[in-house]
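An overview of the molecular structure
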Amino acid sequence: MSIFRLSIVLGTEEVVEKELLSKFPKAEIVGRTKGKIDFQVEGRVLGDFSSLLSPLRIQDTNRGDEDLYKRGWRKAFVPAGINPSLAYVLCDLAELNEDDVVLDPFCGGSTIPITAVMYFGIKKAFASDISGKAVDISLENWKASGVKKDKFVLFRSNVSTLKLSPKSITKVITNMPFGIRVGNHEMNKKLYRNFAFKLNRLLKDDGSAIVLTQEKELFEEVMKNDFEVSVEMTPEVGGLRPNVYKVTRKSVKYFVK
Ligand SMILES: C[S@@+](CC[C@H](N)C(=O)[O-])C[C@H]1O[C@@H](n2cnc3c(N)ncnc32)[C@H](O)[C@@H]1O
């Protein structure tokens, strides 16, 4: 029997194994090394695994390999754009369902919101970015995705002036500027505060956010008044180890006199 080897984004093991075992329940994991998961499964060939969307690549130890991160709709991308496999992992962590209205206010090429609509069947996605170029790139990708126009709204906006109805968003999933390739730490201080303010305004009471960022201290600082944050994973991204945070509102406390 062949051994298949998945190459993955370091740090995403848990989600990749979950996807593998839910789509191929008979798969048996036979090895785990840094960034690789080996498994066996009877009667399968390399091409059968193209439905896996969280790993980067699959290799049949005797018969070649196949990329799993490529998406036919990803025609164009922005600098510091997220890998589509990691976008899938973030959407999985968000526990999306068909009632979710998802916002990515730093959408770049819309890799995250397109993933949320196409593979997680959400109700609607809002994708915005301050850059007109990013919006053009996004439009190309949305068009190539074939997603119907009533499933998404794409627009240009600074996060600080986002105009959406209060509490209209159930999930925010986003890859924030790290202040390294996009922006810098000084600019981020204001940007991250504006993001926290908007999140508080736009997120439903029981909504949540999944945020990828390298600005760990700053992020935790701006969230701490109104939100609880937990670190879900620390994937490798361009040689860095940013955190993926899950954010929920602090529970409302009722005081009885
Ligand atoms: C790290 S990239 C996100 C990339 C995206 N996830 C993708 O895969 O293409 C950050 C994005 O934030 C945008 N951005 C920076 N400052 C912003 C602001 N104040 N408001 C909205 N978007 C902003 C940039 O234009 C850039 O496209």
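All values reported here derive from a predicted model rather than from experimental measurement. (Residues numbered from 1 in each chain as written. Predicted model: local features only at pLDDT ≥ 70, side-chain atom pairs only at ≥ 80, totals over all residues. Heavy atoms only, no water.)

Within this structure, the stated rule accounts for ten aromatic pairs. Aromatic pair F24 and F49: ring centres 4.7 Å apart, planes at 55 degrees, arrangement tilted. With F24 in the loop between α1 (13–23) and β2 (28–33) and F49 in the loop between β3 (36–40) and β4 (57–60), the pair connects residues that are 25 residues apart, well separated along the chain. As far as burial versus exposure is concerned, F24 and F49 are alike and both buried. Through a chain of ring-to-ring contacts, three or more aromatic side chains come together here, namely F4, F24, F39 and F49. (Phe/Tyr/Trp six-rings, centres within 6.5 Å; stacked < 30°, edge-to-face > 60°. Helix = DSSP H or I, 4+ residues; strand = E, 2+ residues; numbered from the N terminus. Buried < 20%, exposed > 50% of the residue type's maximum accessible area, 1.4 Å probe, protein only.)

Within the secondary structure, G238 sits in the loop between β11 (227–233) and β12 (243–249). Each C-alpha atom, one on G238 and one on P166, is 35 Å from the other, the two residues being 72 residues apart in sequence.

With that settled, consider unusual backbone geometry. Positive phi, normally seen in glycine, also occurs at A80, with a value near 65 degrees. Examined against the element boundaries, A80 turns out to sit in the loop between β5 (64–67) and α2 (84–93). For A80, a relative accessible area of 28% translates into the label partly exposed. Backbone geometry at S110 places phi at a positive 70 degrees, although glycine is not the residue there. Locating S110 in the fold gives a position in the loop between β6 (101–104) and α3 (111–120).

The subject of this paragraph is the pairing of strand β9 (residues 169–175). Across the seven residues of β9, seven count as buried, placing the element largely inside the fold. Bridging between β6 and β9 involves two bridges; their strand directions are parallel. What sits directly across from V102, in β9, is K171. As defined by bridge partners, β9 adjoins strand β10 (residues 203–213) across six bridges and the pair is classed as parallel. Within the sheet, the bridge partner assigned to T174 lies in β10 and is V211. (Pairing = 2+ DSSP bridges.)

Within the structure, the ligand sits among 19 residues, and I82, G109, D129, N158 and V159 are positioned closest to it. Separating a nitrogen atom of the ligand from a side-chain N or O atom of N158 is a distance of 3.0 Å. One of the side-chain nitrogen or oxygen atoms of N175 is found 3.5 Å away from a nitrogen atom of the ligand. Coverage of the ligand by the protein chains reaches 90% of its 610 Å² of free accessible surface. The residue inventory of the shell around the ligand, partitioned by class, reads ten nonpolar, eight polar and one charged. (Near = heavy atom within 4 Å. Polar contact = N/O pair within 3.5 Å; in protein donor to acceptor, adjacent residues only side chain to side chain. Areas by Shrake-Rupley, 256 points an atom, 1.4 Å probe, with all protein chains shown as cover. Nonpolar A, V, L, I, M, F, W, Y, C, P; charged D, E, K, R; others polar.)

Another point: the pattern of salt bridges. What the rule picks out here adds up to 14 salt bridges. D67 is paired through a salt bridge with R57; the nearest N and O atoms lie 2.8 Å apart. Of this pair, D67 sits in strand β5 while R57 sits in strand β4, placing them ten residues apart in sequence. Assessed through its relative accessible area of 30%, D67 is described here as partly exposed. Note that K167 is salt-bridged to D205, the shortest N-O span being 2.8 Å. In this pair, K167 is assigned in the loop between β8 (152–156) and β9 and D205 in strand β10, connecting sequence segments 38 residues apart. With relative accessibility at 51%, the residue D205 sits in the exposed group. (Salt bridge = Lys/Arg side-chain N within 4 Å of Asp/Glu carboxyl O.)

Attention now moves to the domain arrangement of the chain. What the domain assignment reports for the chain is domain 1 (4–67) and domain 2 (84–249). Taking only C-alpha atoms into account, the centre of domain 1 sits 27 Å from that of domain 2. At the interface, twelve residues of domain 1 touch 13 residues of domain 2. The junction of domain 1 with domain 2 conceals about 990 Å² of combined surface from both sides, 68% of it contributed by carbon and sulfur atoms. Among the residues domain 1 hides against domain 2, the three largest losses belong to L10, V15 and L53. Together they make up 48% of the total. Inspection of the region where domain 1 meets domain 2 yields one salt bridge. (Domains from an automatic or database assignment. Contact = heavy atoms within 4.5 Å. Buried area = accessible area lost by both parts, 1.4 Å probe.)

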